[in-house]
Amino acid sequence: RAGEAPALVACASSMRFAMEELASAFRASSGGEMRIAYGSSGNFARQIMQGAPFELFVAADSIYAGRIAEAGLALDAGKAYAQGRLALFVPKGSPLKPDASLSDLGKAIADGRLKRFAIASPEHAPYGQAAREALESAGLWDKIGPYLVLGENVAQAAQFASAGSAQGGIIAYSLALAPDMARRGNFVLLPGGSHRPLRHLAVLTRRAGATARAFYDFLTTEPARAIMARHGFGSPQGAD
Amino acid sequence: MADKGLHVRLNQQRPIPLDAVLDCGPGEMLALVGPSGAGKSTVLRCIAGLHSPQGGRITCNGAVWYDGAGGVNFPAWRRSAGMVFQSYALFPHMTAEGNVKAALGHLPAPERSARAQALLRQVNLSGLERRYPAELSGGQQQRVAVARALAREPAVLLLDEPFSAVDRSTRQKLYRELAELRKELRIPVLLVTHDLDEAALLADRLCLLHHGRTLQSGTPQEVMTRPASVEAARLVDVRNIFTGRIAGHDSARRVTILEWNRYRLETPYQPRIAAGTSVAWAIPTANVLLHRRDRPSRGEQENPVAGRVSEFVVLGDSASVAVDVEGIADTPLFMTIALHAAQRNRIAIGEQVHVSLLAEAIYIMPGEVSGGAPDTAASGTEGKNEEDDAGPAG
Amino acid sequence: MADKGLHVRLNQQRPIPLDAVLDCGPGEMLALVGPSGAGKSTVLRCIAGLHSPQGGRITCNGAVWYDGAGGVNFPAWRRSAGMVFQSYALFPHMTAEGNVKAALGHLPAPERSARAQALLRQVNLSGLERRYPAELSGGQQQRVAVARALAREPAVLLLDEPFSAVDRSTRQKLYRELAELRKELRIPVLLVTHDLDEAALLADRLCLLHHGRTLQSGTPQEVMTRPASVEAARLVDVRNIFTGRIAGHDSARRVTILEWNRYRLETPYQPRIAAGTSVAWAIPTANVLLHRRDRPSRGEQENPVAGRVSEFVVLGDSASVAVDVEGIADTPLFMTIALHAAQRNRIAIGEQVHVSLLAEAIYIMPGEVSGGAPDTAASGTEGKNEEDDAGPAG
Amino acid sequence: MDWPALALSLRLGIFTVLLLFPIGIAAARALAWRRFRGKGLAEALITLPLVLPPTVLGFYLLVAFGGNSPLGHAFEALFGHTLVFSFSGLLVASVIVNLPFAIQPMQRAFEAIPADVREAAACSGMTPLEVLMRIELPLAWPGIVTGMALTFAHTLGEFGVVLMVGGSIPGETRTLAIAIYDRVQDFDNGAAATMSALLLAISLFALAITYVLSGRIGRRHG
Amino acid sequence: MDWPALALSLRLGIFTVLLLFPIGIAAARALAWRRFRGKGLAEALITLPLVLPPTVLGFYLLVAFGGNSPLGHAFEALFGHTLVFSFSGLLVASVIVNLPFAIQPMQRAFEAIPADVREAAACSGMTPLEVLMRIELPLAWPGIVTGMALTFAHTLGEFGVVLMVGGSIPGETRTLAIAIYDRVQDFDNGAAATMSALLLAISLFALAITYVLSGRIGRRHG
Ligand SMILES: Nc1ncnc2c1ncn2[C@@H]1O[C@H](COP(=O)(O)OP(=O)(O)OP(=O)(O)O)[C@@H](O)[C@H]1O
Ligand SMILES: Nc1ncnc2c1ncn2[C@@H]1O[C@H](COP(=O)(O)OP(=O)(O)OP(=O)(O)O)[C@@H](O)[C@H]1O
Ligand SMILES: [Mg+2]
Ligand SMILES: [Mg+2]
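In this text the structure is predicted, and so the values were computed from the model without any measurement. (Residues numbered from 1 in each chain as written. Chains lettered and ligands numbered in written order. Predicted model: local features only at pLDDT ≥ 70, side-chain atom pairs only at ≥ 80, totals over all residues. Heavy atoms only, no water.)

Things to note about the overall build of chain B
In terms of helices and strands, chain B carries 10 helices and 21 strands. Principal-axis analysis of the C-alpha atoms gives chain B an extent of 75 × 50 × 40 Å. When contacts within chain B are restricted to residue pairs at least 6 apart in sequence, long-range pairs at least 24 apart make up 66% of them. Accessible surface, chain B: about 15,800 Å² in total, of which carbon and sulfur atoms supply 49%. (Helix = DSSP H or I, 4+ residues; strand = E, 2+ residues; numbered from the N terminus. Contact = heavy atoms within 4.5 Å. Areas by Shrake-Rupley, 256 points an atom, 1.4 Å probe, with all protein chains shown as cover.)

A short note on the relation of the copies chain E and chain D
Take chain E, turn it by 180°, move it 0.1 Å along the axis, and it overlays chain D with an RMSD of 0.2 Å. When the rotation and shift are considered jointly, the pair of chain copies conforms to a two-fold rotation axis. (Least-squares fit on C-alpha atoms with pLDDT ≥ 70 in both.)

Examining the pairing of strand β4 (residues 55-60) of chain B
All names here are of chain B. The element β4 is extensively covered by neighbouring structure, given that 6 of its 6 residues are classed as buried. Side chains of β4 alternate between two faces, with G55, R57 and T59 and G56, I58 and C60 buried alike. Where strand β1 (residues 6-12) meets β4, 6 bridges bridge the pair, whose relative direction is antiparallel. Looking across to β4, one finds that H7 is bridged to T59. (Buried < 20%, exposed > 50% of the residue type's maximum accessible area, 1.4 Å probe, protein only. Pairing = 2+ DSSP bridges.)

Comments concerning the environment of A:L86
All names here are of chain A. Turning to its location among the elements, L86 is positioned in strand β5 (residues 86-91). L86 sits 84 residues away from I170 along the chain, and the two C-alpha atoms are 6.6 Å apart. In this structure L86 touches Y127, A130, A131, A134, I170, I171, Y173, V188, L189, L190, H195 and L198, once residues within four positions along its chain are discounted.

Details of the packing of aromatic side chains
Scanning the model with the defined rule gives 24 aromatic pairs over all chains in all. With 5.6 Å between their ring centres and 75° between their planes, E:W33 and E:F110 make a pair best called edge-to-face. On the criterion of sequence distance, the pair formed by E:W33 in helix α1 (residues 3-33) and E:F110 in helix α5 (residues 87-111) is long-range, its members being 77 residues apart. Overall, the relative accessible area of 22% leaves E:W33 in the partly exposed class. An aromatic cluster is present here, built from B:F242, B:W260, B:Y263 and B:W281 joined pairwise through their rings. When the ring centre of E:F87 is taken as reference, the NZ or CZ atom of E:R11 above it lies at 4.2 Å. (Phe/Tyr/Trp six-rings, centres within 6.5 Å; stacked < 30°, edge-to-face > 60°. Lys NZ or Arg CZ within 6 Å of the ring centre and 35° of its normal.)

Concerning the packing of helix α2 (residues 39-51) of chain D against helix α5 (residues 87-111) of chain D
Residue and element names in this part refer to chain D. In the contact formed by α2 and α5, the axes pass within 6 Å of each other and the chain directions differ by 130°. Our classification of the angle between α2 and α5 gives oblique. Crossing angle aside, the handedness with which α2 passes α5 is left-handed. Here α2 contributes E43, I46, T47, P49 and L50 to the contact with α5, which in turn contributes I96, V97, L99, P100, F101, I103, Q104, Q107 and R108. For the contact of α2 with α5, the per-class residue count stands at 9 nonpolar, 3 polar and 2 charged. (Axes fitted to C-alpha atoms, helices over the stretch in contact; angles between N-to-C directions. Parallel < 35°, antiparallel > 145°, perpendicular 65-115°, else oblique. Left-handed = near helix turned anticlockwise from the far one by under 90°. Nonpolar A, V, L, I, M, F, W, Y, C, P; charged D, E, K, R; others polar.)

A short note on the domain arrangement of chain B
Residue and element names in this part refer to chain B. Looking at the assigned domains, one finds that chain B contains domain 1 (6-231) and domain 2 (238-365). For domain 1 versus domain 2, the distance between C-alpha centres works out to 39 Å. Across the boundary between the two partners, domain 1 contributes 7 residues, which contact 5 residues of domain 2. The three residues of domain 1 that bury the most area against domain 2 are R226, P227 and V230, which together make up 78% of that side's buried surface. Counting across the interface, domain 1 meets domain 2 through 0 salt bridges. At the boundary of domain 1 with domain 2, the tally comes to 2 residue pairs in polar contact (both at pLDDT 80 or more). A class-by-class count of the residues in the side of domain 1 that touches domain 2 yields 4 nonpolar, 2 polar and 1 charged. (Domains from an automatic or database assignment. Buried area = accessible area lost by both parts, 1.4 Å probe. Salt bridge = Lys/Arg side-chain N within 4 Å of Asp/Glu carboxyl O. Polar contact = N/O pair within 3.5 Å; in protein donor to acceptor, adjacent residues only side chain to side chain.)

Quick notes on the site of ligand 1
Close to ligand 1 lie 18 residues; B:S41, B:T42, C:R131, C:S137 and C:G139 are nearest. Residues near ligand 1 are shared among chains B and C, making this a multi-chain site. Contacts to ligand 1 include B:G39, whose backbone N or O atom sits 2.9 Å from an oxygen atom. Here an oxygen atom of ligand 1 and a side-chain polar atom of C:S137 are 2.6 Å apart. Relative to its free-state accessible area of 640 Å², ligand 1 is covered by the protein chains to the extent of 87%. Elements supplying a minimum of two residues to the shell around ligand 1: α1 (40-48) of chain B together with α4 (138-151) of chain C. Looking at the shell around ligand 1 residue by residue, the classes come out as 4 nonpolar, 10 polar and 4 charged. (Near = heavy atom within 4 Å.)

Regarding the sheet that holds strand β21 (residues 363-364) of chain B
Residues and elements named next belong to chain B. Strand order in this open sheet of 5 strands is β14-β13-β12-β15-β21, and the pairing throughout is antiparallel. Lying at the two open borders of the sheet, with one neighbouring strand each, are β14 (263-268) and β21. Pairing of strand β12 (residues 241-250) with strand β15 (residues 278-282) involves 5 bridges; the strand directions are antiparallel. Across the sheet, residue R245 finds its bridge partner in β15, namely S278.

Focus: the pattern of salt bridges
All names here are of chain A. According to the stated counting rule, one finds 50 salt bridges over all chains in the structure shown. The shortest N-O distance in the salt bridge between E21 and R230 comes to 2.8 Å. Highlighted residues: E21 in helix α1 (residues 16-30) and R230 in helix α11 (residues 222-230), separated in sequence by 209 residues. Its relative accessible area of 29% is what places E21 among the partly exposed residues. Accessibility expressed as a relative area gives 55% for R230, which makes it exposed. Its salt-bridge partner being D217, residue K79 comes within 3.9 Å of it at the nearest N-O pair. With K79 in strand β4 (residues 79-84) and D217 in helix α10 (residues 210-218), this pair connects stretches of sequence that are 138 residues apart. By relative accessible area, K79 is classed as partly exposed at 21%. Among the ionic contacts, a cluster of salt bridges with common partners joins K97, D104, D111 and R113.

A word on the coordination of the magnesium ion (ligand 4)
Residue and element names in this part refer to chain C. Around the magnesium ion (ligand 4), the protein supplies S41 (OG) and Q86 (OE1) as donor atoms, at distances of 1.9 to 2.2 Å. One end of the pair, S41, is in helix α1 (residues 40-48); the other, Q86, is in the loop between β7 (81-84) and α2 (96-101), and 45 residues separate them in sequence. On the accessibility criterion, Q86 (22% relative accessible area) is partly exposed. (Donors = N, O, S within 2.8 Å, 3.2 Å for Na, K, Ca; no water.)

Re the arrangement of the chains
Among 6 pairs of chains with at least one contact, chains D and E form the most extensive contact set. Structurally, chain A and chain B remain out of contact, their C-alpha atoms never closer than 51 Å. Taking C-alpha atoms as the reference, chain B and chain D come no closer than 10 Å and do not contact one another.

Considering helix α9 (residues 176-185) of chain D
Residue and element names in this part refer to chain D. Burial analysis of α9 places 10 of its 10 residues in the buried class, which makes it a mostly covered element. Taken as a whole, α9 has its buried residues at L176, A177, I178, A179, I180, Y181, D182, R183, V184 and Q185. Within two residues after α9, F187 carries a phi angle of roughly 60°, on the positive side.

Comments concerning the pairing of strand β2 (residues 18-24) of chain C
Residue and element names in this part refer to chain C. Burial along β2 is one-sided: L18, A20, L22 and C24 are buried, and none of D19, V21 and D23, which face the opposite way, are. The pairing of strand β1 (residues 6-12) with β2 spans 7 bridges and is classified as antiparallel. Each bridged residue has a counterpart across the sheet, and for H7 the counterpart in β2 is D23. Connecting the antiparallel pair β1 and β2 is a turn made up of 5 residues.

Describing the interface of chain E and chain D
Many structure descriptions define interface size as the accessible area lost when the parts assemble. With 48 residues of chain E at the interface, the matching set in chain D holds 48 residues. Both sides of the chain E and chain D interface together cover about 4,100 Å² of buried area, and 77% of this is carbon and sulfur. For the interface between chain E and chain D, the tally reads 0 salt bridges. The tally of links from chain E across to chain D stands at 6 residue pairs in polar contact (both at pLDDT 80 or more). Elements represented by at least two residues in the side of chain E that touches chain D include exactly α2 (39-51), α3 (54-65), α5, α7 (128-157), α9 (176-185) and α10 (189-220) of chain E.

Quick look at the environment of C:L157
The residue C:L157 is located in strand β8 (residues 156-160) in this model. Here C:L157 is in contact with C:G82, C:A149, C:L150, C:L178, C:I187, C:P188, C:V189 and C:L190, once residues within four sequence places are set aside.

As for the nonpolar core
Counting 315 residues, the largest nonpolar core has A:F57, A:F117, A:I170, D:F110 and E:F110 as its most contacted members. Other than its neighbours up to four places away in sequence, A:F57 contacts A:A10, A:S41, A:F44, A:A45, A:I48, A:Y64, A:A65, A:I68, A:L201, A:A202 and A:V203. B:A147, B:V166, B:Y175 and B:A233 belong to the second-largest nonpolar core, a separate cluster that totals 56 residues. (Core = buried A, V, L, I, M, F, W, Y, C linked by side-chain atoms within 4.5 Å.)

Spelled out as C-alpha cells, the structure:
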C-alpha cells in the first residue's frame, strides 16, 4: 500500500498511547501510512458533521460514533474495538486507601477525611457516567455530591485526582497506567460489573480510502487486542 | 478670477462667528491684528484648509480653494499654504532638521538635507539640527516651525504670531530674513501679530479683526493714524479717544472748531462735517505737548488745556504721563514725553500741568457718534475688554 | 538663613549648562532676560522643582528647597511655587474654571468656584469659564494659565513669558492686575520675558542670563543704560556698541577724551580709566542728534560726526536711521528720530547727514577690551547669535 | 438557563476588574514613567498569560496552587479550604490571566499624558495622590476603560483556565462559559445558543455603555 | 518536540499579524477620528471575540464556515477545499479572534496624536498617505506594536477556536498550543513542559525585542 496517500484518522486523545502502537504495528504488517489527529470525541463528531475530511473516527465511547452513523455519514454502524475500565486513583499523601470495593471511600466521607473527589462530568463524559454508576452501586452517590469536582473529560478528572488538591478520583484505568500518573499515586482497577460497559466504537466515514478500511479491519485483530490490553482496555466481546 | 494673490471672504455664525474680507497681493505682507480671541487663528485655519467656514470664498492666484456656494473645498495638503502654528505643532518624533525636511517633499531626496540646514541657519539654529523638539527651548521650537513653513515654498505664507517667543535681537534677524524671502518668493504673506510695532515695521498693509469681523484695512500708517471707528482706534492702541461736537468751520483760518466740554479746539479744516454733529476724535500721545515751566515755547497758543498728573510711568528713555483734564470726567489724557523733559519739568503725580493739543494732529473719525454727551470720553476700555472675550461665545 | 525672599544658586554642566545666581526679595519683581535658549525656562524649572540641577542651593523665606551638597531636594508640590508654563500646560480635561479651581486646594470647597471666577475676571476671561482649553484661543489659554498660577497663593511666582500671546491692551490690564497683586501678596515674582519694555515697566530688578550664566543684575534702568560688558549691552538691545581708546582726561573741562578712529569724542569725566586703554563704549540711539539742514541748533558743537544714511525704517511716529560713519568700517551708527524731523530734513537712503553724539550719553564700559583696532565696531551681532544657540549644546 | 452560573460569571468579572483596577494602574504607571533595568523583560512577562494556551496555564496554576504545593498549603492553613476548586482560586487565576489585557492599554494611556501637564499639576500644589486622582486618571481614562472592558469581557468568556483550576462545582466554580461548553459538548445547541446570546447581550451592553461614556469623556478634550 | 506544530503556529502568528496590521490600522484610525452613528456599537462588536468562550466562538465559526453553510460552499467552490480544517480557515478564525487585541491599543494610540500635529503635516504638503506613513504611524507606533505583540502572542497561545475549526490535523491545523494540550491531557508532562518552554522562549524573545525597540522609539519624544 506504499505510495497511497496516508489515511486521515480522528482519534480520541485518551487512546493516544495505544493508537501510536497500533499504527506502527499496522505499518509494519501492511505498510499503510496514517495521519492521526487527536482530540475529544465530541469535537470530532461535530467536525465530521461539518465536513471534516477524516476517513476513520476512533472514538472513546459509543455515543459520538453512533451520531455519525445516524447522520448518514458513516459506511456502516461502526464496530466496538475495545472496552474502557475504571480505576480508583489515590494520590500520594492522601488519607484514602485504594480499595476496589470503595468501602474506605464511604468511611472517609463519614469521618471527614474526604474533602474533594474527582470524576469526569457525568453529564456528557462517558467515563463520568460510568463513575457515577460505580458510585451508585457502592451506595455512595448521594453522600459524595458535595465533595465532587468534575473534570470536563476523564483526562482532566485524572489531573484533578493527581494534583493533590483532591483526595482521590475515579478515572479511566488506561490513564492510571500512564507512567506519569502511576508515579503520583496508587490505583486499583474497579470491577467491571460495577457499571455499564464502556464500549469504544470506531466508524468509517464516507471518505474512507483503502488504507483506512484496512486499519479499521486491523483494529479487531488479535495483535491489536493485545496492544490494547496492555494499555488497560478490555476486550469488546460481549459488548455488542 | 485669474487674479494674482490671495482673496478671502469668510462667513460663519457658529461655532466661531466670522465675517471677514481679506486681500493680499503677491509679495505683499498683510498684518492681521486684533485682540486675543478675535478670530485671527481661525481665519488662518480657514485659509489653510484646516477649518471649513459655513460660507464664503477663498481664491489663491486664480485657483478656487474654497467656495461655500460652489461646494469647492480643497483639502489642506492641496492648498500649498505654509503655516506657522501658534502652538508650533512640531513633529515630536523628528529632529529639527527632520521637521524641516518633512516639508521639503518637492525637492529630490539628496538635496533636502542641505536645504533644511540652510533654512535652519536662516532662523539662527545652526548646531541644533539633531535636537528633538522636547530638547529645544520655546523660542528655538518656534523658529523650527518658521523654517518648516518656509520650506514648502508655499503659494501663501500664514504666520500665526511667529516671533512671540523669540528675543528681540533674534527677531530683528528673522525680520530681515523674512523681508529677503518676500522679495525672492513674491507670494502673499499673512502675519498674525499683536505687536503693532512689528506690524508697522513688516507689513505693507494691516487689517483689523474684531469679534471675527474685519473692521478696517489699509497701510499700517493709515490704519494707525486714521482709524475708521472708535473700535478700530482702540485696537491700534490709540489711548486718547474722546467725543465732542463740531461747533463750526472757520474757512478763513481753514480750521474746524471742535467743542470738547468747556474747551473749543481748533482742528484741521473739514467743512464736510455738518456743524452740530457729535463725533469721536483722537490725538496721538506724542502730539500732546507739555508747556515748559521755565519759559513758554512755540506751540503754547495751540489748544491749551490744563490738568493734574494722575499717572507717571517711565519707559526706558521716555515717560508716559496721564493727565486728568479739568472739566473732563473719567478718562485722562495721555502723553508721551522724553524722560529728560519730564525730569526738567519736575513731572510728578498730583502736579498741575499745562499742555497743548497740536491742532494738525487732532483726528476726527468719520461718522456720527450717538448718545455720549460731548464732554465724556468715548466709553472706557476696561469694561469693554471683558465683553471682547465673552463676545464670540454667546 | 531665616532670610525672607528667594535665593537661588545653580551649578550644572549637563545637559544644559547653568551657572546662575539670583535673589528676589518679597514683593519684588525680578525680570529674567536673555536670548532664546539662554536657559531662562530651565532656571524657573529648577526653582519650581521640575528639574534637579547638579549642584547649588535654593532657599525661599528661609526654607531650604534644594541643596546639592546637603542632599535636600523638595518635590515640586511641596515648594509652593506658582508657575506659568511657556507652553501653558493647561489640564485639557478641565474647563477654564476647573483649571483654576484645581490650584485652589487650600480653600474650602464651597469657596473655590467664586474665587476661580474672580481670578478669571482679573485676567479678562469672564464668560469663558465653561470652555475647555481646546475651545480657547492662544491668548485666552495663556491667561487661564496665569490665573491658575495666581490661584495657589504661592510663596513665589514664576512667570515664563506669561503675556507673549496677549494683545497690548489686555496686556496693559494684566500688568495692572499683577502690580496690584504684588502689593497684596508681598512674594518674590520672577518674570521671564524677552520684551525689555515689559521688563522696564514691571520689574524692580532685572537679571541678564546668557548661556545659562547670570551676567548682570540691577534695576532695569541701571542694566539697560550701564551694561557691564559688550555681551550684556547686546542683550539689552544696545545697538550702538563700538570700541575705542582712551586718549586722555581733561580735568579742567571735566571730560575724558575717547579716540574713535579719526574722531576724538568728549565723554563724561572718568579719570580712573588709564589713558591708552582700549574700551568698549555705547550710545543710545535716541542720543544721536541729527543736525537740522535749515539752521544750526544747540548741540551741534558736541562730538560732530558725518556719514551717509544706509537704512531708513519708519516705526509709527518715529524712524530708525542707520548711518555709515565716515572712516568707520562695517557697523553703522543707529539713531531714532521723530518721523516729522526725518521728513523735515529729507532723510533718505544715500543722503549725507551730520549728527552729534551727545557727550553725556556716551557710556564707557568697565574693563579693557582686548584685540580690536580702535576704529572697528565691537564684533557684529549676527554671526554671534548663531553661536548663542549652538553654545549650550556643546 | 443556568442562573447560578451567570451570577458566578458576573461576580468573577466584577471582582477581577475591581482587583485589577489598582494593580493595573500601579503597574502601568511604573512601566510608563519609570526607567529601570529589565523593563522590557517585565513588560514581556506581563504578556506571558497571553502566550500560553489557557489550559496549559491552568494546568501550571493547578500544580502551583494545588494541595501539594507550598502555596496551596499556606492558603489552606490560612483559609481552611483549598485555593483550587474555590472561587478564590478562580479569582487569582483570572487576575493573572487578565494582567496583559488590563495593563497594556493603561500603560499606553499613561505614556500619552504630556509631561508638562503633570508638572503643572505638581506646581498647582496637588499632592501626588491628587495628581493621580484629578489629572492622571481622567486623562488616561479611555485607556483605563479599554483595559477594564477587555478584562471584564475576557473574564466572562474565559474558559480554559477556569476549567483547569475550577472543577466545575455548581455555584462555586461552574461559570457560564463552562456551562455553555457543557451544553455544546452535549449537542444541546439550543440551550448553548440561549446562554451564549445572554452572555453576548450582557457583555455588549456593558461594553457599549463604557465606550459611549468614555468616548464622551474623551471627546471633551479632543 | 513537535516541530511541524511549532512551524505551523509561527506561520499562523506571522500571517495573522500581517493581515491584522492593515486591517487594524484602518479600523483603529476610523474609530479614533471619525464620528459616526453606532460607533459605540462598532467598538463593542469588535470586542465580541473576547466575550465568547473561544470554544463557543469556534463552534459558531465552524457552523458559519462549515461545509453546510453558504459561505463554506462558496469557499469550497472557489478554492477546491473547505475553509474549515485548513490553514486558511485557521487564519480567518485567528484574525477574527484577534480583532480586539489588535484594534483597541491602536485606536488609543491614534487618539493620542495631537490634532495640530496632523494639521501641520497636511500644511507641510504631505499627502494623506505620507501623513500616515511619516507622522501617524511613527507617533502611534508604541500602540501599534502593543496591538501586534498581543496578537502574535495570543495567536501562539490560542487554543479553543483553533481546536474547533482546525480539527488538529498534523502539519495542517495542529498548532503547538494544541500539541501541548494533548501532551498535558496525556500526562506527558515532560513533553508538554519542553514545548511550553520553547513557546514561552519564542514569545518572550519576540515581545522583549518589540518592547525594547518601541521603547527606544517612544523615548525619543518623551
Ligand atoms: N472649539 C471652539 N468652540 C467654540 N469657540 C471656540 C472654539 N475654538 C475657539 N473658539 C473661540 O473662538 C474665538 C476665536 O479664536 P481664535 O483662536 O481664532 O482667536 P485669536 O484671534 O487667534 O486669539 P489669540 O490672539 O488669543 O490667539 C475665541 O474667542 C475662542 O474662544
Ligand atoms: N532635554 C534637553 N537636552 C539638551 N538640551 C536641552 C534640553 N532641553 C533644553 N535644552 C537646551 O537648553 C537650553 C536652554 O533651554 P531653555 O528652555 O531654558 O531656554 P530659554 O531661555 O527658556 O529659551 P526661550 O526663550 O527660547 O524659551 C537651550 O539651548 C535648549 O536647546
Ligand atoms: Mg490665535
Ligand atoms: Mg523658555
